[in-house]
Amino acid sequence: MFRKRLCVISLVLLLVLTGCGKGGEEKGDTRLVLGFSQIGSESAWRIGNTRDIEEQAAAYGIGLMLENANQKQENQIAAIRRFIAYKVDAIVFSPVVEEGWDNVLLEAKDAGIPVILVDRDINTEQEGLTTCLIGADFYKEGVMAAEYLIRKADSLGLEHVNIVEITGTEHSTPMRQRQAGFMDTIAGDPRMNVLESIDGDFLKSRGAECMRYYLQKYGDTIDIVFSHNDEMTIGALPEIEKAGLVPGRDIIIISIDGGQEAIDVLKEGKINCVVECTPKLGKELMETAIKLKNGEKVEPVIHPVEQVFSDEINVSAIAPRGY
Ligand code: AHR
C-alpha cells in the first residue's frame, strides 16, 4: 500500500519536474500544471472523461496531477489541499456533490490559484471561488428526456403513464438538474404520473437494486423507467427481463450518457432513448486553462452541444461513441 502510494507521488513529482513530457505533437509550450481531482471511476462515462482529459493534457503539453477521489468528498478536499501546496497553475475538479466546498476553495483563492469546475457545479453563497464551469447542460438533458417521453406517449396513444425514476448521486448537479428538467417538462401533461424516485448513485449495482424494488412494489404497472445514467440503466435491464417483461416494449426505457454499451442496447431495441452527455471536455478545459494563465477572460459557463439518440432515428447510423 505504502509502496503504491510512493509510486504515485514519485510519478507526480516526475511529471511536475519534467514539464510532463513535452514532445513533438504538443499544441503549445505552456509549462502549465493542472491539479485535477476526479470524482472516481463509477461509470464508463467517468472513465472516458478521465481518459479524454489525460489525452488532451498530453496533446497540449500541459502537466496533469490527477487524483481519483473514489466517490468521496473528503478525498477531493484533501487533493485540492495538496494541489495548493504544490502551487499548481490551476485547480480543476469535478465536485461529487454541490455543497461543502467553501473552506477549501477560499484557501485556493487566498493562494491565488484559479479553480476550474469541470462536469459538475457547486452551490455556494461566496463570490469568486471558481472561474468557470465546463460541463453539460444537465437541465436541458432532463428536458430532452421528457420531450421524448411525451412524443412516445403520443405515438403509442397512451392515456396514463406511470413513471419510475432512478436518479444519480443525491446532492450532485446532474441529479438535481436532470430531475428538475424532466419534472418541469412533464408537469403540464396530465397523463404523466411519477410513482417514485430513488437514488441509484450512478452505479450499475444500484440500478439493479432500484429496479428490483420497483418491480416488487409496482409490478407491471410501470410504463417507463427514467434512469439518470447508462450504468444504472444497464444494471436495471436484466431485472426487468427476470420479471418476465421486455424492456423497450413492455417498459419504455430512457437513459442518459450515450456510451457505446447503451447505444448497442438501443440498437437491440431494449432501450428506447438515450440523451447524450459527452465526457469529452478535455480540449475546452486545456484551452480555458491556457487563457487563464495568459490573463485572458473566460466564459463563466461552457456547455457542449448534445443530441438525442432514440428509436425515432436510424440507429444503425450512429457513429462509434469512443466511451
Ligand atoms: O456528472 C456526469 C455523470 O456522472 C454521468 O452522467 C454519469 O455517468 C457520471 O457518473
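Since we're looking at a predicted model, the values are computed, not measured.

About the cut-offs
- Residues numbered from 1 in each chain as written.
- Predicted model: local features only at pLDDT ≥ 70, side-chain atom pairs only at ≥ 80, totals over all residues.
- Heavy atoms only, no water.
- Axes fitted to C-alpha atoms, helices over the stretch in contact; angles between N-to-C directions.
- Helix = DSSP H or I, 4+ residues; strand = E, 2+ residues; numbered from the N terminus.
- Left-handed = near helix turned anticlockwise from the far one by under 90°.
- Contact = heavy atoms within 4.5 Å.
- Nonpolar A, V, L, I, M, F, W, Y, C, P; charged D, E, K, R; others polar.
- 1 Å grid on protein atoms, 1.4 Å probe; cavity = no way out; pocket = protein on both sides within 12 Å on 5 of 7 lines; lining within 4 Å.
- Points joined across faces, edges and corners; volume = space filled by probe spheres on them.
- Domains from an automatic or database assignment.
- Expected span 1.5 Å × (residues − 1).
- Core = buried A, V, L, I, M, F, W, Y, C linked by side-chain atoms within 4.5 Å.
- Buried < 20%, exposed > 50% of the residue type's maximum accessible area, 1.4 Å probe, protein only.
- Buried area = accessible area lost by both parts, 1.4 Å probe.
- Salt bridge = Lys/Arg side-chain N within 4 Å of Asp/Glu carboxyl O.
- Polar contact = N/O pair within 3.5 Å; in protein donor to acceptor, adjacent residues only side chain to side chain.

Looking at the packing of helix 5 (residues 138–156) against helix 6 (residues 173–186)
As a packed pair, helix 5 and helix 6 sit with axes 7 Å apart at the nearest point and diverge in direction by 40 degrees. Note that helix 5 runs across helix 6; the crossing there is right-handed. Touching F138, Y139, E141, G142, V143, A145, A146, E147, L149 and I150 of helix 5 are T173, P174, Q177, R178, A180, G181, F182, D184, T185 and I186, all from helix 6. Of the residues that constitute the contact of helix 5 with helix 6, the class distribution is 11 nonpolar, five polar and four charged.

Considering empty space enclosed by the protein
The full count for this structure, using the stated rule, is two cavities of 30 Å³ or more. In this structure, the largest cavity occupies an estimated 100 Å³ of space. As for the largest cavity, its lining consists of 13 residues, of which W45, R46, R120, F202 and D257 are closest to the centre. Secondary structure elements with two or more residues in the lining of the largest cavity: helix 2 (44–60) and helix 6. Its residues placed into classes, the lining of the largest cavity shows five nonpolar, two polar and six charged. A domain-level breakdown of the lining of the largest cavity finds at least three residues from each of domain 1 (2–135 + 279–305) and domain 2 (138–277). Its volume calculated, the second largest cavity comes out at about 30 Å³. In this structure, the second largest cavity is lined by E42, Q71, R120, T169, D201 and F202. Split by residue class, the lining of the second largest cavity holds one nonpolar, two polar and three charged. The residues that make up the lining of the second largest cavity include at least three from each of domain 1 (2–135 + 279–305) and domain 2 (138–277).

Description of helix 7 (residues 204–218)
Here helix 7 spans 21 Å end to end across 15 residues, near enough to the 21 Å set by a 1.5 Å rise per residue. The inward-facing, buried residues of helix 7 abut strand 6 (161–167), strand 7 (192–199), strand 8 (224–227) and helix 8 (230–242). Of the residues one or two after helix 7, G219 is the one with positive phi, at around 50 degrees.

Considering unusual backbone geometry
Even without glycine at this site, D119 takes up a positive phi of about 75 degrees. Along the chain, D119 turns up in the loop between strand 4 (115–118) and strand 5 (132–134). The backbone of H171 sits at a positive phi, close to 70 degrees, despite the residue not being glycine. One can find H171 in the loop between strand 6 and helix 6.

Details of the nonpolar core
In this structure, M211, I222, V225 and I240 are the most contacted members of the largest nonpolar core, which totals 28 residues. Looking at this core, the elements that each hand over two or more residues are strand 6, helix 7, helix 8 and helix 9 (260–268). Contact partners of M211, with chain neighbours within four places excluded, come to I166, I222, V225, A236, E239 and I240.

A word on the domain arrangement of the protein
Partitioning the protein into structural domains gives domain 1 (2–135 + 279–305) and domain 2 (138–277). Once you take the C-alpha centre of each, domain 1 and domain 2 turn out to be 32 Å apart. At the interface, 13 residues of domain 1 touch 15 residues of domain 2. Between domain 1 and domain 2, a total of about 1,100 Å² is buried, with carbon and sulfur atoms accounting for 51% of that surface. Looking at the side of domain 1 facing domain 2, the largest losses of area belong to W45, E98 and R120, adding up to 40% of the total buried there. The partner of R176 in a salt bridge is E99, and the shortest N-O contact between them spans 3.0 Å. Inspection of the domain 1/domain 2 interface yields seven residue pairs in polar contact (both at pLDDT 80 or more).

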